[in-house]
Amino acid sequence: MSHSLVYRLKTAIWSRARTGFPKVQNYILNVNKHKFMGISFTPARISWYSTEVNQAEVLKTMRNIGIAAHIDSGKTTVTERLLFYSGRIEAMHEVRGKDKVGATMDSMDLERERGITIQSAATHVTWKNHLINIIDTPGHVDFTVEVERALRVLDGAVLVICANGGVQSQTLTVNRQINRYNVPRLIFINKIDRLAANPYRCLMQIRSKLRHNAAFVHIPIGLENDTKGIVDIIRRKALYFEGSHGQDVVEKDIPDDLKAITEEKRLELIECVSNVDEPLAETFLLDEEPSIQELKAAIRRSVIARKFTPVLMGTALRNKGIQPLLDAVTEYLPDPSEVENYAFDDSVRDEDDGPTKVLMNPERSPDHVSVSLAFKIEQSKFGQLTYLRVYQGLVEKGENLFNVRTKKRVRTSRLVRIHANNLEDVNEAYAGDICALFGVDCSSGDTFVGKSKFGMAMESIFVPDPVVSMSLKVVGRDDSGKLSKALNRFSREDPTFKTYWDDEAKEMVVSGMGELHLEVYGQRIRNEYDLDVVLGKPNVAFRETITSSIDFDYTHKRQSGGAGQFGRLIGYIEPLPADQNTKLEFVNKTTGTNVPNCFMSAIEKGFLVDSTDKGPLIGAKMAGFRVVVEDGASHLVDSSEIAFRLCAQGAFQQAMDRGLKCILEPIMKVEVSVPHEFQGSVLASINKRKGMVVDQDSDSDYVVINCDVSLNDMFGYATELRSITEGKGEYTMEFSRYQPCRNEVEEQLIRKYQEENAPKSTKKKAGRKR
């Protein structure tokens, strides 16, 4: 029987089983001869029996999991094998396979082109009568928000670790995210067939770096090119994966050379679990050996309580160890009823703690008011697709939902389940389900409820602040507004992607989690909107100022046949103190009527508005000085507001021509947090960027370095910091002050400005003079 037929049979079973009406029948296969992909059947004879649906049983056999890892740990390949062995897909394809098809979950053309996961993708499989919703997440730190919002709505996680690389930078980041949302997890050590693979070293790092109470439930039968299978130390069985695609799991006795280490690791497993599980601890203290079922039950209790992490292993690329991973997901990770999810009731508030937390009811029943969280949105050819996790009650196609944030009513015109980029229409979704809505206008993190006055709001998703900014320029003209459409769409889909128009630099600035993050969006604009864009270093908001007091005495006189223009101004321009070098001040010290007070407003505009937009050195705005007018002269007929405004401009230009000027640059207050072992490297990187360390604060694991660095020197620092700290360092920065820039920087800026504004030589065209 083919994979597709098996999957259709499974889908028929589960689509019936998930129906919420008590009299709808569930179809079960009655078979006794052959077994394939978790379903037993007799090809010649399949008989159907109808039973009443037990929604409690459906809930117990449901799992919502995410696959997360450091980049290139093989999690997308693991997901591909999960889909294949469960019968969800008929053929496996590699991320960078020779057939150029690409992995199922990497559905974007850009993902297949680059060979990395950019967006989280959802799917669902069935395995041994369990429905498993899976979300495959990106591994690169630049797309960390995809991991954040996936873990926010999942009940369990599989953390994939490379047997060669061990615990890497993004592994630490993902582990922190898993801890933030209190998600139980399994660890799968992948790539045990790689050169220098060492799962035992990985276990040491899991315990030391991730600080997990972890132990093996599998050990390898050979490593690197000698990888033959794995040993299940709980059942004391050797597992071999035979067949063309490793689909046949063959159990054999443990090889003689591995029996001793199997018993050693089994005892270690029992000790680790008994330390956090009282029933198993009592058995262990009595020197009694727990049964297989007792040990598995203890592991499940401790995993759900987040006190123990079982460590499995295999090699997804060589099709070994995936079926036991699916078994572990069903045996050890919780179902939706075993995870406590809370909503905030804004109508009942505590004076100290704010809104009251209300426990969601996971029962799959229409008797409870529905509560759902929109955790992701994306634009598709059918409109906005909103990913939804149902926490309570029932969401039906065609019913009205209410957005708690906007107080607006929306209609669920179409309800679907997702398999990568394929959609399957469904009529309802119960508590615990992950589905999607079409045509609903909302934002990521919005809560939907079934009643308008039911003010329950789920806890929102943590969104990190962007760390890198770049300028975005269109090559040519954008007559149809494609850029605006693209930026609006991407900023709605990705809350870490920010855009704004810099009025001073006259350019669009985009911000994100890293340079790769922004490069991907630039390439998507080119591919999806046919718009050629260029990313570059954003312009820094320099300022120009004076360094000493300058006197001026300027007369503006213009005669044009009638009433002319006349005005004279005498005074000086002086620099402001360093802590006020971003301000402009105007002081009127005139006495008498030489300069009438009615012209002072025009004079102030002439000095501070008309003359400061473009400085003489690099064309930057001018700031940090005070203009003092002491005297002047006027004419009864020719003096006017425009005459004195032009006079002020001329006086300012006269002063700038003979005064000493300098360039001010923005200085940022930077806070860098890194582990102790990277402190020296980070200090060296700060010194290389001419930064000044203000202070350092240390705790048991991390050191926080506060320093002042020029914004002009901070471009690209996020990438450098990740490189020198193995991705473990983080930094934030905020504006501190302006100060004069270094002499070499000032000379470089002036030279660049002069080259850009040098007059272009033009040759006269030869021709007959008329």
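As a reminder, the structure under discussion sits directly above these lines.
Throughout, a residue's number is its position along its own chain's written sequence, starting from 1. Local features in this predicted model are restricted to residues of pLDDT 70 or higher, and side-chain atom pairs are both shown and tallied only at a pLDDT of 80 or more, whereas totals for entire chains, interfaces and linings draw on every residue. Side-chain numbers come from the whole structure's heavy atoms, not from hydrogens or water.

### A short note on the sheet that holds strand β32 (residues 533-536)
The pairing criterion is simple: DSSP has to find at least two bridges between the two strands. Strands here mean DSSP runs of E at least two residues long; helices mean DSSP runs of H or I at least four residues long; both are numbered from the N terminus. Reading across from one edge, β30-β31-β29-β32 is the order of the four strands in this open sheet, with antiparallel pairing throughout. Whereas interior strands pair on both sides, the edge strands pair on one side only; in this sheet they are β30 (498-502) and β32. If you compare each strand with its neighbour and ignore which way they point, the axes differ by 30° on average. Where strand β29 (residues 468-474) and strand β31 (residues 507-512) come together, five bridges link them in antiparallel fashion. Following the sheet pairing, S469 is matched in β31 by S511. The convention used is that axes are lines fitted to C-alpha atoms, helices contributing only their stretch in contact, and that angles between N-to-C directions extend from 0 to 180 degrees.

### Some points on the packing of aromatic side chains
A pair of Phe, Tyr and Trp rings is counted when the ring centres sit within 6.5 Å of each other, with Trp represented by its six-membered ring. The angle between the planes then sorts it: under 30 degrees is stacked, over 60 is edge-to-face, the rest tilted. For the structure on display, the rule yields 12 aromatic pairs. Taking 6.2 Å as the distance between ring centres and 90° as the angle between the ring planes, the aromatic pair formed by F490 and Y529 counts as edge-to-face. Here the residue F490 occupies a position in helix α12 (residues 482-493), and Y529 occupies one in helix α13 (residues 515-529), the gap between them amounting to 39 residues. Both residues of the pair, F490 and Y529, count as buried. Per-residue accessibility, obtained with a 1.4 Å probe over protein chains only, is compared with the maximum for each type, and a residue is labelled buried under 20%, exposed over 50%, and partly exposed between these values.

### Let's talk about the packing of helix α16 (residues 679-688) against helix α17 (residues 717-724)
One can describe the packing of α16 onto α17 by two numbers: an axis separation of 10 Å at closest approach and a directional angle of 155°. With respect to each other, α16 and α17 are oriented roughly antiparallel. Classified by chirality, the crossing of α17 by α16 is right-handed. Facing S681, V682, S685, I686 and K688 of α16, the residues of α17 in contact are Y717, E720, L721 and I724. Gly is put with the polar residues, along with every residue not named as nonpolar or charged; the nonpolar set is Ala, Val, Leu, Ile, Met, Phe, Trp, Tyr, Cys and Pro, and the charged set is Asp, Glu, Lys and Arg. In terms of residue class, the contact of α16 with α17 is built from five nonpolar, two polar and two charged. By the definition adopted for this analysis, an angle is roughly parallel if under 35 degrees, roughly antiparallel if over 145, roughly perpendicular if from 65 to 115, and oblique otherwise. For a crossing to be left-handed, the near helix must be turned anticlockwise from the far one by less than a right angle; the clockwise case is right-handed. Contact definition: two residues touch when any of their heavy atoms are within 4.5 Å.

### Re the sheet that holds strand β23 (residues 415-419)
Pairing within the open sheet is antiparallel, and its eight strands lie in the order β22-β21-β27-β18-β19-β26-β23-β24. Each of the sheet's edge strands pairs with one partner strand only, and the pair in question is β22 (409-411) and β24 (422-425). Pairs of neighbouring strands in the sheet enclose a mean axial angle of 40°, with direction left out of account. Here strand β21 (residues 400-403) runs beside strand β27 (residues 447-449); their pairing, made up of two bridges, is antiparallel.

### Observations regarding the environment of A374
In this structure, A374 sits in strand β18 (residues 371-380). You can call A374 buried: its relative accessible area is 0%. Spatially, the C-alpha atoms of A374 and G445 are 5.4 Å apart, while their sequence positions differ by 71 residues. Once you skip the residues sitting within four places of it in the chain, A374 turns out to touch T386, Y387, L388, C442, S443, S444, G445, D446 and F448.

### Considering the nonpolar core
Considering soluble globular proteins, one finds that nonpolar side chains tend to be buried as a cluster. In plain words, nonpolar cores are sets of buried Ala, Val, Leu, Ile, Met, Phe, Trp, Tyr and Cys residues tied together by side-chain atoms within 4.5 Å. I189, L269 and I299 are the most contacted members of the largest nonpolar core, which totals 103 residues. Ranked by residue count, the leading element in this core is helix α11 (residues 322-332), at six residues. Once residues within four sequence positions are removed from consideration, I189 is found in contact with I161, A163, P199, C202, F216, V311, L312, M313 and G314. Counting 32 residues, the second largest nonpolar core, distinct from the first, contains F490, V703, C707 and Y717.

### A short note on α13
A helix is expected to span 1.5 Å for every residue after the first. For α13, with 15 residues, the first-to-last C-alpha span of 21 Å sits near the 21 Å given by 1.5 Å per residue. By the burial criterion, the buried members of α13 are L516, H517, L518, V520, Y521, G522, Q523, R524, I525 and Y529.

### A closer look at a negative patch on the surface
A cluster of like negative charges, contributed by E671, D695, D697, D699 and E734, occupies part of the molecular surface. In this structure, D697 sits in strand β40 (residues 692-698). Residue D697 is classed as exposed on the basis of its relative accessible area of 53%. Candidate patch residues must exceed 30% relative accessible area and have no salt bridge, after which like charges are joined if within 9 Å and Val, Leu, Ile, Met, Phe, Trp or Tyr side chains if within 5 Å. Computed with the Shrake-Rupley method and a 1.4 Å probe, the accessible areas treat only the protein chains shown as cover for residues. Every case where a carboxyl oxygen of Asp or Glu lies within 4 Å of a side-chain nitrogen of Lys or Arg is listed as a salt bridge. By the counting scheme adopted, Arg and Lys are positive, Glu and Asp are negative, and His together with the chain ends is not counted. Every charge is mapped onto a representative atom, which is NZ of Lys, CZ of Arg, CG of Asp or CD of Glu.

### Digging into the pairing of β23
Judged by how many residues are buried, β23 sits mostly within the fold: five of five residues are covered. Sheet analysis places β23 next to strand β26 (residues 434-438), joined by two bridges and oriented antiparallel. Along β26, the bridge assignment pairs V416 with A436. Pairing analysis gives four bridges linking β23 to β24, with the strands arranged antiparallel. Paired with V416 across the two strands is D425, which belongs to β24. The antiparallel hairpin formed by β23 and β24 contains two residues in its connecting segment, where A420 sits at a positive phi of about 55°.

### A look at the packing of helix α10 (residues 292-304) against α11
Their axes nearest at 9 Å, the elements α10 and α11 cross at an angle of 75°. Judged on the interaxial angle alone, α11 and α10 are roughly perpendicular. On α11, the residues touching K296, I299, R300, V303 and I304 of α10 are T330, E331 and Y332. Class assignment for the residues of the contact of α10 with α11 results in four nonpolar, one polar and three charged.

### Quick word on the pattern of salt bridges
Scanning all chains against the criterion turns up 36 salt bridges. The partner of E720 in a salt bridge is K688, and the shortest N-O contact between them spans 3.1 Å. Placement of E720 in helix α17 and of K688 in helix α16 is noted, with a sequence separation of 32 residues between them. Linking E744 and R742 is a salt bridge whose minimum nitrogen-to-oxygen distance equals 3.1 Å. Its relative accessible area of 45% is what places E744 among the partly exposed residues. When salt bridges with common partners are traced through the structure, they connect E146, R149, K376 and E378 into a single cluster.

### Side note on helix α7 (residues 199-208)
For α7, the set of buried residues is P199, C202, L203, Q205 and I206. Around the axis of α7, the buried residues are gathered within 165° of arc, so they sit on the same side. Here the buried face of α7 lies against β8 (156-162), β9 (185-190), β10 (214-216), β11 (218-221), α8 (259-274) and β15 (309-313). Under this definition, polar contacts are N or O atom pairs within 3.5 Å; protein pairs additionally need one hydrogen-donor-capable and one acceptor-capable atom, and for neighbouring residues in sequence, both atoms have to be side-chain atoms. The backbone nitrogen of Y200 has a side-chain oxygen 3.2 Å away, supplied by the residue at the start of α7, namely N198. The arc in question is traced by the directions running from the helix axis to the C-beta atoms.

### Focus on the environment of K605
Mapping K605 onto the fold places it in helix α14 (residues 600-608). On the basis of relative accessible area, K605 is assigned to the partly exposed category, the value being 39%. Sequence separation between K605 and F586 is 19 residues, and the spatial gap between their C-alpha atoms is 9.6 Å. If near-sequence neighbours (up to four positions away) are discounted, K605 is found in contact with D610 and R645.

### Things to note about the side chain of D502
Topologically, D502 is positioned in strand β30. Looking at D502, the relative accessible area reads 18%, which means it is buried. In contact with D502, other than residues within four places in its own chain, are E507 and V509.

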